[in-house]
Amino acid sequence: MSETEKILCSIGITPNFKGYGYILEAVDILHEHPHKSMEGLYKEIQCKYKVKTWQAVRNAIRYCVARLQVKSNKEAFEKIFGIKLQEDTNIKNSVFLQLIAKK
């Protein structure tokens, strides 16, 4: 299990979500190309996984990120990233992926 997989599982994003695999792929891409645009990132994942649209990739990741607000291990998230999750504030996909990629 990679460090990224351990982090995702510890904060409540598990392999049973479609976006989990997309997040892992996005992190790998961001390690190689840290300034890649989000649309370019989604399109690369779309091609690799043969997803119909890049928006479906974005939405699957967004679903996982949105779950953090309500069903995550907030203490683990704060410990790992040094950021306190607020239920009334949404984290953008780009911010979340950059946080994970920097770990």
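Everything quoted here is computed from the prediction, not taken from an experiment.

Enquirer: Is there a simple way to think about the nonpolar core in this case?
Expert: The tendency in soluble globular proteins is for nonpolar side chains to be buried as a group. Grouped together as the largest cluster of nonpolar side chains are 34 residues, with contacts concentrated most on Leu8, Ile11, Ile13, Ile23, Leu68, Phe77 and Phe96. Secondary-structure elements contributing two or more residues to this core are helix H1 (3–11), helix H2 (18–32), helix H3 (38–49), helix H4 (54–71), helix H5 (74–81) and helix H6 (93–101). Ranked by residue count, the leading element in this core is H2, at eight residues. Ignoring any residue separated from it by four or fewer positions in sequence, one finds Phe77 in contact with Ile11, Leu68, Gly82, Ile83, Leu85, Ile91, Phe96 and Leu99.

Enquirer: Got a minute to help me understand the packing of H1 against H2 in this structure?
Expert: Packed helix pairs are characterised by how far apart their axes lie and by the angle those axes make with each other. Following both chains from N to C, one finds H1 and H2 inclined at 140 degrees, their axes separated by 11 Å at the closest point. Judged by the inter-axis angle, H1 sits oblique to H2. Once H1 is placed against H2, the crossing between them reads as right-handed. For the pair H1 and H2, the contacting residues are Thr4, Glu5, Leu8 and Cys9 in the first and Tyr20, Ile23, Leu24 and Val27 in the second. Class assignment for the residues of the contact of H1 with H2 results in six nonpolar, one polar and one charged.

Enquirer: Got a minute to help me understand the environment of Leu8 in this structure?
Expert: Assignment of secondary structure puts Leu8 in helix H1. When residues no more than four places from it in sequence are discounted, the contact partners of Leu8 are Ile13, Tyr20, Ile23, Leu24, Phe96 and Ile100.

What counts, and where the lines are drawn
Each chain carries its own residue numbering, running from 1 in the direction its sequence is written. Per-residue local features are limited, in this predicted model, to residues with pLDDT of at least 70; the limit for side-chain atom pairs, both in listing and counting, is 80 or more; totals at the level of whole chains, interfaces and linings are taken over all residues. Note that water and hydrogens are dropped before the side-chain values are worked out from all heavy atoms of the structure. Residues grouped as a nonpolar core are buried Ala, Val, Leu, Ile, Met, Phe, Trp, Tyr and Cys residues, joined through side-chain atoms within 4.5 Å. Only protein chains enter the area calculation, which uses a 1.4 Å probe; residues under 20% of their type maximum are buried, those over 50% are exposed, and those in between are partly exposed. Each helix is a run of DSSP H or I of at least 4 residues and each strand a run of E of at least 2, with the numbering of both proceeding from the N terminus. Here a residue-residue contact requires only that any non-hydrogen atoms of the pair lie within 4.5 Å. Working convention: axes come from line fits to C-alpha atoms, limited for helices to the stretch in contact. Angles between N-to-C directions cover 0 to 180 degrees. For classification purposes, an angle smaller than 35 degrees is called roughly parallel, one larger than 145 roughly antiparallel, one from 65 to 115 roughly perpendicular, and anything else oblique. In this scheme, a crossing is called left-handed if the near helix is turned counterclockwise away from the far one by less than a right angle; it is called right-handed if the turn is clockwise. Residues are sorted three ways: Asp, Glu, Lys and Arg are charged, Ala, Val, Leu, Ile, Met, Phe, Trp, Tyr, Cys and Pro are nonpolar, and all the rest, Gly among them, are polar.

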